[in-house]
Amino acid sequence: MKAWYVYVVRCKDGTLYSGITTDVVRRVAEHNDSKEGARYTRTRRPVTLGYKKRCASRSEASKKEYALKLLTRAEKLALIKKQRR
């Protein structure tokens, strides 16, 4: 079974974007280099990976993404900072 990840990227304009994927490296590259990236990030390139968390299933990743989207910007930045330690 494939591992799923929830992730947050930081856009060039300082905004944050979250999503889910099975391959974080590929997905960040898509956000930066192709039409496969999200519409939101296409005009805010380049993006850099700020946070990722492995999940057991797509369902769990989707639930965690939803929870991430409910966080304030400050809370998301704290998650990013905590993971970089």
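One can find the structure itself at the top, above this paragraph.
Structural notes, computed from the coordinates. The model shown is predicted, which means the values in this text are computed figures rather than measured ones.

### Re the overall build of the chain
Then, in step 1: On a plain count of helices and strands, the chain comes out with 4 helices and 3 strands.
Then, in step 2: Ordered by position from N to C terminus, the α and β elements of the chain give β-β-α-α-β-α-α.
Then, in step 3: For a compact globule of 85 residues, the expected C-alpha radius of gyration is about 12 Å, and the chain comes in at 12 Å, within 12% of that figure.
Then, in step 4: Expressed as lengths along the three principal axes of its C-alpha atoms, the size of the chain is roughly 30 × 30 × 25 Å.
Then, in step 5: Taken across its 85 residues, the chain has 38% of its residues classed as buried.
Then, in step 6: For the chain, the accessible surface area stands at approximately 5700 Å², while carbon and sulfur atoms represent 52% of it.
Then, in step 7: Between the centroid of the 23 positive side chains of the chain and the centroid of its 8 negative side chains there is a distance of 4 Å.

### What to know about the sheet that holds strand E1 (residues 4-10)
Then, in step 1: Taking strand neighbours across the sheet as the criterion, the 3 strands line up as E2-E1-E3 in an open arrangement whose pairing is antiparallel. Two strands lie at the open edges of the sheet, namely strand E2 (16-21) and strand E3 (48-55), each paired on one side alone. Each adjacent strand pair in this sheet contributes to an overall mean axis angle of 20 degrees, direction not counted.
Then, in step 2: Of the pairings in the sheet, the one linking E1 to E2 comprises 6 bridges and is antiparallel in character. Paired with Val 8 across the two strands is Ser 18, which belongs to E2.

Cut-off values and rules
- Residues numbered from 1 in each chain as written.
- Predicted model: local features only at pLDDT ≥ 70, side-chain atom pairs only at ≥ 80, totals over all residues.
- Heavy atoms only, no water.
- Helix = DSSP H or I, 4+ residues; strand = E, 2+ residues; numbered from the N terminus.
- Rg over C-alpha atoms; globule rule 2.2 N^0.38 Å.
- Buried < 20%, exposed > 50% of the residue type's maximum accessible area, 1.4 Å probe, protein only.
- Areas by Shrake-Rupley, 256 points an atom, 1.4 Å probe, with all protein chains shown as cover.
- Lys, Arg positive; Asp, Glu negative; His and termini not counted.
- Charge placed at Lys NZ, Arg CZ, Asp CG, Glu CD.
- Pairing = 2+ DSSP bridges.
- Axes fitted to C-alpha atoms, helices over the stretch in contact; angles between N-to-C directions.

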